[in-house]
Amino acid sequence: MAKLRSAVLASLALTATGVAQEQPIRIGVLNDQSSVYADFQGRGSVLAAQMAVEDYGGKAAGRKVEVVFADHQNKPDIGSVVARKWLDQDGVDLIVDVPNSAVALGVSEIVRQKNKVLIGSGAGSAELTGSKCSPNTVH
């Protein structure tokens, strides 16, 4: 969780460029909250992200920072639908966590297309840094 907190803080400045000052920076914690990964990357990761935002004063680059979260249920289609909605409709700038390689690979492609950021701290696939490597994904 400490790594996730550090990664979230480090990426806040990257998401702030070129956006109106009144819009908040939104961080989406996308993980498993109901199945096999829930114990080590479920609600605890959401809490860690919220604590990081609080520790940082709730702002970055002069903008308010908000944390949203969703359960991908270990299903790539659900994770992709959530990610696309967050990026297209909900103003999410950064997606973090994403334990489950299949979900992370789908979300990685979406953030690349949308020029947003994914910090995948839970996926284990070497493809994220190999054949599917993207400048938009930190693994």
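Details of the structure are given in the entry above.
Residues numbered from 1 in each chain as written. Predicted model: local features only at pLDDT ≥ 70, side-chain atom pairs only at ≥ 80, totals over all residues. Heavy atoms only, no water.

Visitor: I would appreciate a short explanation of the nonpolar core in the present structure.
Guide: Side chains of a nonpolar character, in soluble globular proteins, are inclined to be buried together. In terms of nonpolar packing, the biggest core is built from 17 residues, with Leu30, Trp86, Ile95, Val98 and Val107 touching the most fellow members. Contributions of two or more residues to this core are made by helix 4 (76–88), strand 4 (92–97) and helix 5 (101–114). If one sorts the elements of this core by residue count, helix 5 sits on top with five residues. Grouped together as the second largest cluster of nonpolar side chains are 13 residues, Val46, Val65, Val67 and Val117 included. (Core = buried A, V, L, I, M, F, W, Y, C linked by side-chain atoms within 4.5 Å. Buried < 20%, exposed > 50% of the residue type's maximum accessible area, 1.4 Å probe, protein only. Helix = DSSP H or I, 4+ residues; strand = E, 2+ residues; numbered from the N terminus.)

Visitor: Sorry if this is basic, but what is going on with the environment of Leu118 here?
Guide: Within the element layout of this structure, Leu118 appears in strand 5 (residues 117–119). Between the C-alpha atoms of Leu118 and Ile27, which are 91 residues apart in sequence, the distance is 9.9 Å. With residues near it in sequence (within four places) discarded, Leu118 still touches Ile95, Val98, Ala104, Val107, Ser108, Val111, Asn136, Thr137 and Val138. (Contact = heavy atoms within 4.5 Å.)

Visitor: Help me out: how do you make sense of the pairing of strand 4 in this one?
Guide: Working note: regular strand, side chains alternate between the two faces of the sheet. In terms of burial, strand 4 is largely enclosed, as six of its six residues are buried. Relative to strand 4, strand 1 (residues 25–31) runs parallel, the two being bridged by five bridges. Bridging from a neighbouring strand, Leu30 pairs with Asp97 of strand 4. Crossover strand 4 to strand 5 through helix 5 is right-handed. (Pairing = 2+ DSSP bridges. Right-handed = clockwise from strand over helix to strand, strands pointing away.)

Visitor: Looking at this model, I keep getting lost on the environment of Gly79. Mind explaining?
Guide: Among the secondary structure elements, Gly79 is positioned in helix 4. In the structure, Gly79 is positioned 21 residues away from Asn100 in sequence and 9.8 Å away in space, judged by C-alpha atoms. In this structure Gly79 touches Leu30, His72, Val103 and Val107, once residues within four positions along its chain are discounted.

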